[in-house]
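Report on the structure
So the chains spell out like this:
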Amino acid sequence: MSRKPIFAANWKMNKGPSEAEDFVKSILSKIQNQPFSCDVVIAPAYIALPKAAEALNNHHGIAIAAQNCSQFDSGAYTGEVSVVMLRELLVHYVILGHSERRAIYGETDEVINAKLKKAREANLRPIFCIGETLQEREAGKLESVLRTQITEGLKGLSEKDMTETVVAYEPVWAIGTGVTATSEQAQEAHAFVRSVIADIYGPETAAKVRIQYGGSVKPNNAAELMACPDIDGALIGGASLDPQSFLDIIHNGTVEK
Ligand code: PEP
């Protein structure tokens, strides 16, 4: 089963509207209308989404993601942004369950599940992040942590929702640390994630789901990680802030399997 790789840039709380615009213009001038053979997504901060969309000018090779969304439709939720608002901004993906949202903002599996459902109601494609801390890995809890995050996070989502969802396996100890999982560690975790999805949705659906790796992906380690059979692209933080570095990851990581 061949799955189209997907590379997504998570800018976190970096780049305002003008920097987002500069980034998009720089990427477009570097690729010179050459099509990508993978899916490419950028996730600017909410406030930079309109400028990024405008600069992309309907370029079909690059899609836009939000870094979060509300689990509610509208109303008294100060500081929140709804999925309908995101759709109006030409957003097609939304990152949910990122470890920073879990750790800093206390997002539980239940909240993440509500957000995933809300995103799917609006036909947004979730990039659903899961991953263990170093402490959990060292305590031998890798599989139980991942199984719980997957089972609870995806509760009530249909088979179609699952195939429209991209899973990002991001070991927390590798995010922003410069420490990358070895390709063996990453492949092992990805195969396990796919097996849990197969337990819930069956092997055919599981074989279609794209599972990204995230955690200190750089131009010089992308090829080795992406060559693993169950790794279908990357979610990239720090190294996606520079257009050339992001492009190098995409090029180096788009490997024949
Ligand atoms: C991330 O934030 O999802 C991430 C993977 O960050 P970094 O690439 O900087 O480790």
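For every chain, the first residue of its written sequence is number 1, and the numbers climb from 1 along that sequence. In keeping with the predicted nature of the model, local features appear solely for residues at pLDDT of at least 70, side-chain atom pairs appear and are counted solely at 80 or more, and the whole-chain, interface and lining totals rest on all residues. Side-chain measures were taken over the full set of non-hydrogen atoms in the model, leaving aside hydrogen atoms and water.

**With respect to the nonpolar core**
Put simply, buried Ala, Val, Leu, Ile, Met, Phe, Trp, Tyr and Cys residues joined by side-chain atoms within 4.5 Å make one nonpolar core. The buried label goes to any residue with under 20% of its type's maximum accessible area, the exposed label to any with over 50%, and the partly exposed label to all in between, with areas taken from a 1.4 Å probe on protein chains only. One finds Phe7, Ile42, Val167, Ile197, Tyr213 and Phe246 to be the most contacted residues of the largest nonpolar core, which totals 70 residues. Put simply, DSSP marks the helices as runs of H or I at least four residues long and the strands as runs of E at least two long, and each gets a number from the N terminus on. No other element matches helix α9 (residues 183-201), which puts 7 residues into this core. Among the nonpolar cores identified, the runner-up in size contains 13 residues, and Ala8, Val41, Ala65 and Val166 belong to it.

**Quick word on the site of the ligand**
Note on terminology: near, applied to a residue and a molecule or strand, indicates that one of the residue's heavy atoms is within 4 Å of it. With respect to spatial proximity, 14 residues lie near the ligand, and among them Lys12, Glu170, Gly176, Ser216 and Gly237 are the closest. In this structure, an oxygen atom belonging to the ligand sits 3.5 Å away from a side-chain N or O atom of Asn10. In protein, a polar contact means a hydrogen-donor-capable atom and an acceptor-capable atom, both N or O and within 3.5 Å, with residues adjacent in sequence counting only if both atoms are side-chain atoms; elsewhere, any N or O pair within 3.5 Å suffices. Taking Ser216, its main chain carries an N or O atom lying 2.8 Å from an oxygen atom of the ligand. Protein burial of the ligand: of its 290 Å² of free accessible surface, 97% is covered by the chains. Residues were grouped as follows: Ala, Val, Leu, Ile, Met, Phe, Trp, Tyr, Cys and Pro as nonpolar; Asp, Glu, Lys and Arg as charged; and all remaining residues, including Gly, as polar. When its residues are assigned to classes, the shell around the ligand shows 4 nonpolar, 8 polar and 2 charged. Computed by Shrake-Rupley with a 1.4 Å probe, the accessible areas treat only the displayed protein chains as cover when residues are assessed.

**Describing the side chain of Asn221**
Position of Asn221 relative to the elements: it lies in the loop between β7 (211-214) and α11 (222-226). With a relative accessible area of 15%, Asn221 lands in the buried category. If we skip the residues at most four places from it in the chain, Asn221 touches Thr180 and Ser216. Contacts between residues were defined by any pair of non-hydrogen atoms, one from each residue, lying within 4.5 Å.

**Quick notes on the environment of Lys218**
Position of Lys218 relative to the elements: it lies in the loop between β7 and α11. The class of Lys218 is partly exposed, set by a relative accessible area of 33%. When the C-alpha positions of Lys218 and Leu96 are compared, they lie 22 Å apart, and in sequence the two are 122 residues distant.

**Structural notes on the sheet that holds strand β1 (residues 6-10)**
Strands were regarded as paired on the criterion that DSSP finds at least two bridges between them. Spatially, the 8 strands close up into a barrel ordered β1-β2-β3-β4-β5-β6-β7-β8, and their pairing is parallel. Each neighbouring strand pair of the sheet contributes to a mean axis angle of 25 degrees, computed without reference to strand direction. Pairing between β7 and strand β8 (residues 233-236): 2 bridges, direction parallel. Residue pairing in the sheet places Tyr213 in a bridge with Ala234 of β8. Convention adopted: a line fitted to C-alpha atoms gives each axis, helices being fitted over their contacting stretch, and angles between N-to-C directions are expressed from 0 to 180 degrees. With respect to the sheet, α9 is in contact with β5 (125-130), β6 (166-169) and β7, its orientation differing from that of β7 by roughly 145 degrees. Lying on the sheet, helix α12 (residues 243-253) is in contact with β1, β2 (39-43) and β8; it crosses β1 at an angle near 160 degrees.

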